[in-house]
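As a plain string of letters, each chain reads:
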Amino acid sequence: MRGKVIIVGATKGGVGKSVSTYNLAYSLASMGKRVLAVDFDSQANLTTCFGIEDTAAVPVTIGHLMMAQIENEAMPDASEYVQSRNGVDFIPSSMVLSAVDAKLRLEMGAEKMLANILEPLKDRYDYLIVDTCPALGALTINALAAADGVVITVNPQLLAMVGLQEFLKTIKKIKSRINPKLDPAYDV
Ligand SMILES: Nc1ncnc2c1ncn2[C@@H]1O[C@H](COP(=O)(O)OP(=O)(O)OP(=O)(O)O)[C@@H](O)[C@H]1O
Ligand SMILES: [Mg+2]
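So, how was this worked out
- Residue numbering note: each chain is counted from 1, following its sequence as written.
- For naming, the first written chain is A and the first written ligand is 1, with later ones following in the order written.
- Restriction of local features to residues with pLDDT of at least 70 applies here, the model being predicted, together with a cutoff of 80 or more for giving and counting side-chain atom pairs; totals for whole chains, interfaces and linings are based on all residues.
- Side-chain metrics rest on all non-hydrogen atoms present in the structure, leaving aside hydrogens and water.
- Note on conventions: DSSP H or I runs of at least 4 residues are helices, E runs of at least 2 residues are strands, and numbering of each starts at the N terminus.
- In this description, contact between two residues means that some pair of their heavy atoms is separated by no more than 4.5 Å.
- Under the convention used here, a 1.4 Å probe and the Shrake-Rupley method define accessible areas, while residue burial counts only the protein chains that appear.
- Charged-residue counts in this description rest on Lys and Arg as positive and Asp and Glu as negative, His and the chain ends being excluded.
- By convention, the charge on Lys lies at NZ, on Arg at CZ, on Asp at CG and on Glu at CD.
- Should DSSP find at least two bridges between two strands, the strands are taken to pair.
- Fitted lines through C-alpha atoms give the axes, limited to the stretch in contact for helices. The angle between two N-to-C directions lies from 0 to 180 degrees.
- Only residues whose relative accessible area exceeds 30% and that form no salt bridge are eligible for patches; like-charged ones are grouped when within 9 Å, while nonpolar side chains (Val, Leu, Ile, Met, Phe, Trp, Tyr) are grouped when within 5 Å.
- Take a side-chain nitrogen of Lys or Arg and a carboxyl oxygen of Asp or Glu: if they are within 4 Å of each other, that pair is a salt bridge.
- Buried means the residue's accessible area, taken with a 1.4 Å probe over protein chains only, is under 20% of the maximum for its type, while exposed means over 50%, and partly exposed covers the values in between.

**Q** Teacher, can you tell me more about the overall build of the protein chain here?
**A** Assigned secondary structure in the protein chain consists of seven helices and six strands. Ordered by position from N to C terminus, the α and β elements of the protein chain give β-α-β-α-α-β-β-α-α-β-α-β-α. Referenced to the eigenvectors of the C-alpha coordinate spread, the extents of the protein chain come out at roughly 40 × 40 × 35 Å. Considering only contacts in the protein chain between residues 6 or more positions apart, those separated by 24 or more positions represent 80%. Total accessible area computed for the protein chain in this model is approximately 9,000 Å², and 53% of it derives from carbon and sulfur atoms. One way to put it: in the protein chain the 18 positive side-chain charges average out to a point 9 Å from where the 20 negative ones average out.

The following block contains the structure:
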């Protein structure tokens, strides 16, 4: 079976996306699943959760891979960017991803860059879990374009619910325009 891509998202900040990604990754690993966690936020909080403090010193991050995709450059071998901690593999992030965000906005048809990066890795994992940034920008659209399912973290506040409606609308649009396999009712 090929791995499923689960996006952990919310347009709201500080609602537990990164912590949920981390916990979901280790929960699935403890059930015997092969898991790859992907930090897709330039804040690199998930990377820090995995114990990397100086994220700027990581030579190959998801930002570097996205740049290579956008520029049609050859991808490095997975051994150069997939790291491992206690039975969970992960791809780190750093501030490089914020430059990608700016670049993506100027590119046409670049919604599938993350999907292209993850595609060859699906043979190695049961789940590829992607932590996203708290914005509905080009990076989050790229993440949703790669997704089989979405986990949305929320806190029960009025303004958070307004953001949730927008996020659900975007998911519907992505499903009809870019990624028909995206299943809003996906069951992990
Ligand atoms: N279930 C929980 N119960 C209590 N505190 C939590 C829970 N989940 C996360 N937190 C705390 O909430 C804070 C924000 O969590 P986290 O960094 O995962 O949010 P985030 O949505 O990824 O934030 P950002 O939008 O900045 O990326 C952290 O301090 C975390 O420890
Ligand atoms: Mg986060």
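**Q** What exactly am I supposed to notice about the sheet that holds strand β5 (residues 127-132) here?
**A** Hydrogen bonds along the backbone pair up the strands of a sheet, which may run parallel or antiparallel. Taken in spatial order, the six strands line up as β3-β4-β2-β5-β1-β6 in an open sheet, and their pairing is mixed. Only two strands of the sheet have a single neighbouring strand rather than two, namely β3 (83-85) and β6 (149-152). Neighbour-to-neighbour, the strand axes of this sheet turn through a mean angle of 25°, independent of strand direction. Note: strand β1 (residues 4-9) against β6, four bridges, orientation parallel. By the bridge assignment, I7 is partnered in β6 with V150. Helix-sheet contacts for helix α3 (residues 62-70) involve β2 (35-40) and β4 (88-91), and the interaxial angle to β2 is about 80°.

**Q** When you look at a nonpolar patch on the surface in this model, what are you seeing that I'm missing?
**A** A cluster of nonpolar side chains, namely L158, L159 and V162, defines an oily patch on the protein surface of about 340 Å² accessible area. Within the fold, V162 resides in helix α7 (residues 158-177). Note on V162: relative accessible area 48%, which makes it partly exposed.

**Q** Even after reading the chapter, I still don't get the pattern of salt bridges, so can you show me in this structure?
**A** Pairs can form between side chains of opposite charge once their charged atoms are near each other. Overall, the coordinates contain seven salt bridges when judged by the stated rule. Its salt-bridge partner being D123, residue R2 comes within 3.0 Å of it at the nearest N-O pair. Of this pair, R2 sits in the segment before β1 while D123 sits in the loop between α5 (113-118) and β5, placing them 121 residues apart in sequence. Given a relative accessible area of 51%, D123 falls into the exposed group. The closest approach of N and O atoms between E71 and K103, which form a salt bridge, is 3.0 Å. A residue pair is termed long-range when its members are at least 10 positions apart, and E71 in the loop between α3 and β3 and K103 in helix α4 (residues 96-104) qualify at 32 residues. Take E71: its relative accessible area is 38%, and that puts it in the partly exposed class. What emerges from the salt-bridge pattern is a single network uniting R2, E119, K122 and D123.

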